[in-house]
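What follows is the residue order along each chain.
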2 protein chains.
Amino acid sequence: MAPQQEPASSALHVSTLDRGSPVPLYFQVAQHLERAIEAGALPRGTRLSNEIELAGELGVSRPTMRKAMEYLVGKGLVVRQRGVGTRVVSPKVRRSLELTSLFDDLEAIGQRPTTQVLSNTIEDATAEMAELLGIAKGTPVVSIARLRSALGQPIACLTNYLSASRISLPTEALESQGLYQLLRRSGIQLHSATQVIGARSATAAEARMLGEGKGAALLTMQRTAYDDHGTVVEYGNHIYSGARYSFHMSLLSI
Amino acid sequence: MAPQQEPASSALHVSTLDRGSPVPLYFQVAQHLERAIEAGALPRGTRLSNEIELAGELGVSRPTMRKAMEYLVGKGLVVRQRGVGTRVVSPKVRRSLELTSLFDDLEAIGQRPTTQVLSNTIEDATAEMAELLGIAKGTPVVSIARLRSALGQPIACLTNYLSASRISLPTEALESQGLYQLLRRSGIQLHSATQVIGARSATAAEARMLGEGKGAALLTMQRTAYDDHGTVVEYGNHIYSGARYSFHMSLLSI
DNA sequence: CAGTGGTCTAGACCACACC
DNA sequence: GTGTGGTCTAGACCACTGT
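What you see is a predicted model, and the numbers here were worked out from it, not measured in a lab.

Trainee: Please clarify how the sheet that holds strand β5 (residues 140-150) of chain A should be interpreted in this entry.
Mentor: The pairing of strands in a sheet happens through backbone hydrogen bonds and is either parallel or antiparallel. Spatial strand order, β4(A)-β5(A)-β6(A)-β9(A)-β8(A)-β7(A)-β10(B): seven strands in an open sheet with antiparallel pairing. With partners counted over all chains shown, the strands left at the sheet margins are β4 (114-124) of chain A together with β10 (247-252) of chain B, one partner each. The sheet shows a mean angle of 15 degrees between the axes of neighbouring strands, direction not considered. For strand β7 (residues 190-201) of chain A and β10 of chain B, the ladder comprises six bridges, and the chain directions are antiparallel.

Trainee: Can you walk me through the interface of chain A and chain B in this structure?
Mentor: Interface size, as often reported, equals the accessible area lost upon joining of the parts. In this assembly, 48 residues from chain A lie in contact with 48 residues from chain B. When chain A packs against chain B, the two sides together hide about 3,800 Å² of surface, and 57% of this comes from carbon and sulfur. Area buried by chain A at its contact with chain B is led by His191, Met249 and Ile254 of chain A, which between them contribute 16% of it. Between the two partners, chain A and chain B, sit zero salt bridges. Inspection of the region where chain A meets chain B yields 11 residue pairs in polar contact (both at pLDDT 80 or more). Elements with a minimum of two residues in the side of chain A that touches chain B: α3 (62-74), α4 (91-97), α8 (179-185), β7, β8 (217-227) and β10 (247-252) of chain A. With 12 residues, β7 of chain A is the single largest residue contributor to the side of chain A that touches chain B.

Trainee: Please explain the protein's contact with DNA strand C as it appears in this structure.
Mentor: Close to DNA strand C lie 24 residues; Arg19, Leu25 and Thr64 of chain A together with Asn50 and Gly83 of chain B are nearest. Take the atoms of DNA strand C that sit within 4 Å of the protein: sugar and phosphate atoms are 66% of them. A distance of 2.9 Å separates a phosphate oxygen of DNA strand C from a polar side-chain atom of Lys67 of chain A. With respect to DNA strand C, the side chain of Asn50 of chain B contributes an N or O atom lying 2.7 Å from a phosphate oxygen. With four residues, α3 of chain A is the single largest residue contributor to the surface near DNA strand C. By residue class, the composition of the surface near DNA strand C is seven nonpolar, eight polar and nine charged.

How each quantity is defined
- Residues numbered from 1 in each chain as written.
- Chains lettered and ligands numbered in written order.
- Predicted model: local features only at pLDDT ≥ 70, side-chain atom pairs only at ≥ 80, totals over all residues.
- Heavy atoms only, no water.
- Pairing = 2+ DSSP bridges.
- Helix = DSSP H or I, 4+ residues; strand = E, 2+ residues; numbered from the N terminus.
- Axes fitted to C-alpha atoms, helices over the stretch in contact; angles between N-to-C directions.
- Contact = heavy atoms within 4.5 Å.
- Buried area = accessible area lost by both parts, 1.4 Å probe.
- Salt bridge = Lys/Arg side-chain N within 4 Å of Asp/Glu carboxyl O.
- Polar contact = N/O pair within 3.5 Å; in protein donor to acceptor, adjacent residues only side chain to side chain.
- Near = heavy atom within 4 Å.
- Nonpolar A, V, L, I, M, F, W, Y, C, P; charged D, E, K, R; others polar.

None of the figures reported here should be taken as evidence of function without further support.
Here you go:
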């Protein structure tokens, strides 16, 4: 028997499980527990019943229950220790894990950032572009430059290259939605990306564009995105106003 | 039959599987496949045999084989599609996923970055420290300032706060190994961390310390690390020379 | 249609933590 | 010890992709 609290199986109603649904059982179970945790029904540090009991209560097999648990562990909501049990992570940590960028924050308060397309052309790849995209020099490349603003102030200047053969990117679409959103809707499956984040002083032109003084600190990011086949989908070179933007991220199981 | 290449089960010798070993079977299988992939035995785009066949060849059950596959998918080494099969991703992408920081790069070429402890004191938490660490004001706090250099040049200035009750951090230890390494060896289990990366201009003092001109662009990072119980283990406020450092990272399944 | 990965089940044994 | 999560097995059915 636990000294402080006995394992709380708690108010987990089986009713919400739908075996006819196309959404997997383990996922329904996971969402079930997730909602219970987020709703505060299972306070910080609560020890869940063991997976056999839980499986029994919810009417699923143990492997299914385990898969649900693994999902929750992966999301950082619970911690498991062999021989000990499963405990609910503190809500403070859980909230901090819902990583938000400034753009997300702005959206949340109804201040949708605006995007102005500065240029959207197709040109033959220079040696540098070809190198970055892993294609032959001279191949047509889509080159985009966008200016992101929020609250009436410019925040970032984004330049991107894509292999022209892959997709067409209408300027109107680029003004209303993100590049990655567009790519995904075009059926391009992204596999991974690598990025480099740095800082440098703005040139005169950059400072003017972002409404900063000359020599202001810029946050820079270069990103290369790959699809499942290992070919480069997109290369981006972005600069952000250091005064008005920062990257927020969270790391799990470090 | 595949038009270009038939599924290659390939040179997978069962010999290396050791059922008596404490390392799980699925992990041995995964490592097995990983080595085969990295060694180039399974070139980019190779379709693996289906998991039932593979399981049979290696003498494990299908669930075990699946778990190995899930591990490889998680590492970004293979891509799976229902109804299609499992393909090996391009070595270029795989290499890009082995994220390296500049510090790692330096270590790789034998240029171990040096750490100079500027201060290592225990003081009562100010209101700000208390807020950051989630403790009461006035509680003793370990406060550390370190200067990281490489190739004879300063690169970063790291300041950290930790609850003093948790651990003692000898200055000598801090000069020879990283803070996180020390924490882990002290049995502190890290759960997650959140960080904010930004850019700003250096103050005169900061510029002097990092060997830069006044107003040079700095890369900044604030990080809060939590343990399994949801309590703050560490808060760090770091500044990096924008000219000499940048963050490298990779994203999977975006 | 055949072949693939995705899901689910019912059992078993083991390693570990705590008492 | 007892109880926990971690691993492994053998089998089944389904959803999706390609032909």
